[in-house]
Amino acid sequence: MIRRVIAGNWKMNKTVAESVAFATRLRAAFDTPPGPEVIIAPPFTALRAVAEVIRGSFIALCAQNLHEAQKGAYTGEISAGMLLDAGCTCVIIGHSERRTLFGEGNDRINRKLQTALAAGLKPIFCVGESLRQREEDETETVIAHQLKEGLNNLTADDIGRLAIAYEPVWAIGTGKTASPEQAGKVHRFIREWIGHRCGAECAAAIAILYGGSVTPENIAGLMAQPEINGGLIGGASLDVDSFIRMIGN
Ligand code: PGA
């Protein structure tokens, strides 16, 4: 049985004070740890302060990106070591906004995955098709390609340490969610692909999250799909009460 994961991707939102207020309220909302694994991904500037608030709690701290090099002349970039130092245990890699707005290709994403794994950070590796690709019936081809290149040179052991997020690009921030059946079908495809790549045992244990306009209203239907093991939530994770509702669902 895979433990459900509820992850909030705050993107470029919240000041340090707002992040600390959110984390304080989230921590206080549960007397005993909730069923799902709870992850929040604040902006870089708030990581350290949020780490202090959630220390020793059920909440895990996640970064939204990293640079693949250890250190050096990369103005504006953040390394895996810096994320560990700030208190992170996981990192989002390959988000469609990084792919489309910042030109990150599968090869770069592969290097980032290798860097994160080598540092002991758990990657949430995102894949997903565009609207055009879905309309042209290319969803599975595109996702297989993202998986193949993104996971290049990774061992079965490495792959077992990832979470994968299926995020159809057309559903991110648009209010258009994939139906539970549409999402479930792609999740099944991903799990089968992972099974061929690293064995049935590895595939059965890997958490595959759905992301793209998940809300407190639609989360139950999505999570009812046996192949959906959690959510990577953007917009609806910014309000703490909304996020708490999705954890409790
Ligand atoms: P959204 O974003 O929930 O606002 O659609 C999800 C994501 O980009 O991870």
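Quick summary incoming for the structure in this document. (Residues numbered from 1 in each chain as written. Predicted model: local features only at pLDDT ≥ 70, side-chain atom pairs only at ≥ 80, totals over all residues. Heavy atoms only, no water.)

Looking now at the packing of helix 1 (residues 16-28) against helix 2 (residues 44-54). The interhelical angle for the contact between helix 1 and helix 2, taken along N-to-C directions, is 25 degrees, at an axis separation of 9 Å. Classified by the angle their axes make, helix 1 and helix 2 are roughly parallel. Remark: the crossing between helix 1 and helix 2 carries right-handed chirality. Of the residues in helix 2, those in contact with Val16, Ser19, Val20, Ala23, Thr24 and Arg27 of helix 1 are Thr45, Ala46, Ala49, Val50, Val53 and Ile54. Residue composition of the contact of helix 1 with helix 2, by class: eight nonpolar, three polar and one charged. (Axes fitted to C-alpha atoms, helices over the stretch in contact; angles between N-to-C directions. Helix = DSSP H or I, 4+ residues; strand = E, 2+ residues; numbered from the N terminus. Parallel < 35°, antiparallel > 145°, perpendicular 65-115°, else oblique. Left-handed = near helix turned anticlockwise from the far one by under 90°. Contact = heavy atoms within 4.5 Å. Nonpolar A, V, L, I, M, F, W, Y, C, P; charged D, E, K, R; others polar.)

Residues Ala207 and Leu209 of strand 7 (residues 207-210) are buried on one face, and the alternating residues Ile208 and Tyr210, pointing to the opposite face, are buried as well. Taken together, the four bridges between strand 6 (residues 163-166) and strand 7 define a ladder with parallel strand orientation. Bridge pairing in strand 7 links Ile164 to Ile208. (Buried < 20%, exposed > 50% of the residue type's maximum accessible area, 1.4 Å probe, protein only. Pairing = 2+ DSSP bridges.)

Topologically, Thr139 is positioned in helix 7 (residues 139-150). Dropping the residues within four chain positions of it, Thr139 is found in contact with Glu129, Gln133, Arg134, Tyr166 and Val186.

Scanning the entire structure with this criterion turns up one disulfide. Two residues share a disulfide in this structure: Cys198 and Cys202, whose sulfurs sit 2.4 Å from each other. What sets the handedness of the Cys198 and Cys202 disulfide is the S-S torsion sign, and at about -70 degrees it is left-handed. We note that Cys62 lacks a disulfide partner, and the nearest cysteine sulfur, in Cys90, lies 3.3 Å from it. (Disulfide = S-S within 2.5 Å.)

Moving on: the packing of helix 1 against helix 12 (residues 240-248). Two elements in contact, helix 1 and helix 12, have axes separated by 10 Å at closest approach and are oriented at 35 degrees. Judged by the twist between their axes, the crossing of helix 1 over helix 12 is right-handed. Residues Phe22, Arg25 and Leu26 of helix 1 pack against Val240, Asp241, Phe243, Ile244 and Ile247 of helix 12. Grouping the amino acids of the contact of helix 1 with helix 12 by side-chain chemistry returns six nonpolar, no polar and two charged.

In the structure shown here, the tally under the stated rule is 15 salt bridges. The partner of Arg108 in a salt bridge is Glu68, and the shortest N-O contact between them spans 2.6 Å. Taken together, the residues Arg108 in helix 5 (residues 106-119) and Glu68 in the loop between strand 3 (59-63) and helix 3 (80-86) connect sequence positions 40 residues apart. When the shortest N-O distance is used, the salt bridge between Arg161 and Asp158 registers 3.7 Å. Given a relative accessible area of 33%, Arg161 falls into the partly exposed group. Through salt bridges that share partners, Glu68, Asp107, Arg108 and Arg111 make up one connected network. (Salt bridge = Lys/Arg side-chain N within 4 Å of Asp/Glu carboxyl O.)

Let's shift gears to helix 1. The first and last C-alpha atoms of helix 1 sit 18 Å apart over 13 residues, in line with the 18 Å expected at 1.5 Å per residue. By the burial criterion, the buried members of helix 1 are Ser19, Phe22, Ala23 and Leu26. Looking down the long axis of helix 1, one finds its buried residues gathered within 95 degrees of arc, a one-sided arrangement. Opposite the buried face of helix 1, at more than 90 degrees from it, the exposed residues are Ala17 and Ala28. Its buried side turned inward, helix 1 meets strand 2 (37-41), helix 2, strand 3 and helix 12. (Expected span 1.5 Å × (residues − 1). Arc of directions from axis to C-beta.)

Near the ligand there are 13 residues, and of these Lys11, His95, Glu167, Gly173 and Ser213 occur at the shortest range. Lys11 has a polar side-chain atom sitting 2.7 Å from an oxygen atom of the ligand. Backbone polar atom of Gly235 to an oxygen atom of the ligand: 2.8 Å apart, as the coordinates give it. Its free accessible area being 290 Å², the ligand has 95% of it covered by the protein chains. Partitioning the shell around the ligand into residue classes produces four nonpolar, seven polar and two charged. (Near = heavy atom within 4 Å. Polar contact = N/O pair within 3.5 Å; in protein donor to acceptor, adjacent residues only side chain to side chain. Areas by Shrake-Rupley, 256 points an atom, 1.4 Å probe, with all protein chains shown as cover.)

Function cannot be read off these values alone, since they describe shape.
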